[in-house]
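One letter stands for each residue in the lines below.
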Amino acid sequence: MIVDCHVNLWKPEHVRPLFAAGTTHARPGAVSPLADPDTVYAAMADVDKAIVFTLRYADSAGIDGDDEVTAEAVRKYSDKFVGFAAVDPRRADAMDLLEHAVEDLKLKGVKFGPIYNGVSLLDPRMVPVYEYCVRNNLPLTMHMGTTFAQNAPIEYGRPLAVDEIAGRYPELKMIMAHMAHPWAEECIVVARKRPNVYCEVSALFYRPWQFYNILITAQEYRITERDKIFWGTDFPFAHVRESIDGLRNINAQVEGTALPRVSTETIDSILYSNPFQHWWHGGLSL
């Protein structure tokens, strides 16, 4: 089974001009603003399951999404999609929206971007979110690391805050997206230390030297042996085939050298990892 654990979802009316302005610096090549349910389903043709969520990052990344769209996509494409709720703890109705998303819309996890929402993981406004996640068996995926967006405090993307929260809430499953680049070493040592912390490699392959070093470091710290790293695309910022090829061909750049190799076992363990067995107590019925 191939599971894409990081897929963005929104409709055209959720896209603000800020999105196009920022994504010109996101990666080599253009980033399409199209991420409606039908477009996403077509893009996920080569994966078995996809975890989808919208973004509430209007003032930073230029997406002001809606959990209703996520729920609509899951209803339409229940064979493939598992939906997460998006939380912005700055909003007075943040917990009302989260409760609606989980209890009425039946979404199965939570997505949060500390840098995009301008709220540290250590902020008291996050406490009700953590407590709700623990009570309801909801994994928390976090955008960690840097960004292209100018209106985002990068300091909130450092993984050391994850270490503290994971210690406070040992039952809370926390997933650091993008290996918290460029602080991947911090990400790796926190994931090694905390049993309830995981990470994933979405949108990393197009920086191949950085990606190679991240995977070698993960091997050296042996978290690749413990099902701690999951695969994803970050669609529409990256697509399925290029993300798979980027992982499988990671050693091409060091051929003819004495540099260490990312093992086949590491590559396969990431590509065929199954978050549904790890992020929910007792697994998740699909």
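Reading guide: rules and limits
Residues numbered from 1 in each chain as written. Predicted model: local features only at pLDDT ≥ 70, side-chain atom pairs only at ≥ 80, totals over all residues. Heavy atoms only, no water. Buried < 20%, exposed > 50% of the residue type's maximum accessible area, 1.4 Å probe, protein only. Helix = DSSP H or I, 4+ residues; strand = E, 2+ residues; numbered from the N terminus. Arc of directions from axis to C-beta. Axes fitted to C-alpha atoms, helices over the stretch in contact; angles between N-to-C directions. Parallel < 35°, antiparallel > 145°, perpendicular 65-115°, else oblique. Left-handed = near helix turned anticlockwise from the far one by under 90°. Contact = heavy atoms within 4.5 Å. Nonpolar A, V, L, I, M, F, W, Y, C, P; charged D, E, K, R; others polar. Lys, Arg positive; Asp, Glu negative; His and termini not counted. Salt bridge = Lys/Arg side-chain N within 4 Å of Asp/Glu carboxyl O.

Could you give an account of helix 6 (residues 127-135), naming the residues involved and the relevant values?
Within helix 6, the full set of buried residues consists of V129, Y130, Y132 and C133. The buried side chains of helix 6 occupy one side of the element, clustering within an arc of 165 degrees when seen end-on. Just downstream of helix 6 lies N137, where phi reads positive at about 60 degrees.

Pulling in residues and values, what's your account of the packing of helix 4 (residues 94-104) against helix 6?
Remark: helix 4 packs on helix 6, axes separated minimally by 11 Å, with the N-to-C direction vectors making an angle of 15 degrees. Comparing their axes, helix 6 and helix 4 come out roughly parallel. Judged by the sense of rotation from one axis to the other, the crossing of helix 4 with helix 6 is right-handed. Along its contact with helix 4, which presents M95, L98, E99, V102 and E103, the element helix 6 presents P128, V129 and Y132. Per-class residue counts for the contact of helix 4 with helix 6 are 6 nonpolar, no polar and 2 charged.

Describe in detail the side chain of K80, supporting the description with residues and values.
With respect to the secondary-structure elements, K80 resides in the loop between helix 3 (67-76) and strand 5 (81-86). Among buried charged residues, K80 stands out as having no salt bridge; its nearest opposite-charge side chain is D79, 5.6 Å away. Setting aside chain neighbours within four positions, we find K80 in contact with Y41, M44, A45, V47, D48, K49 and A50.

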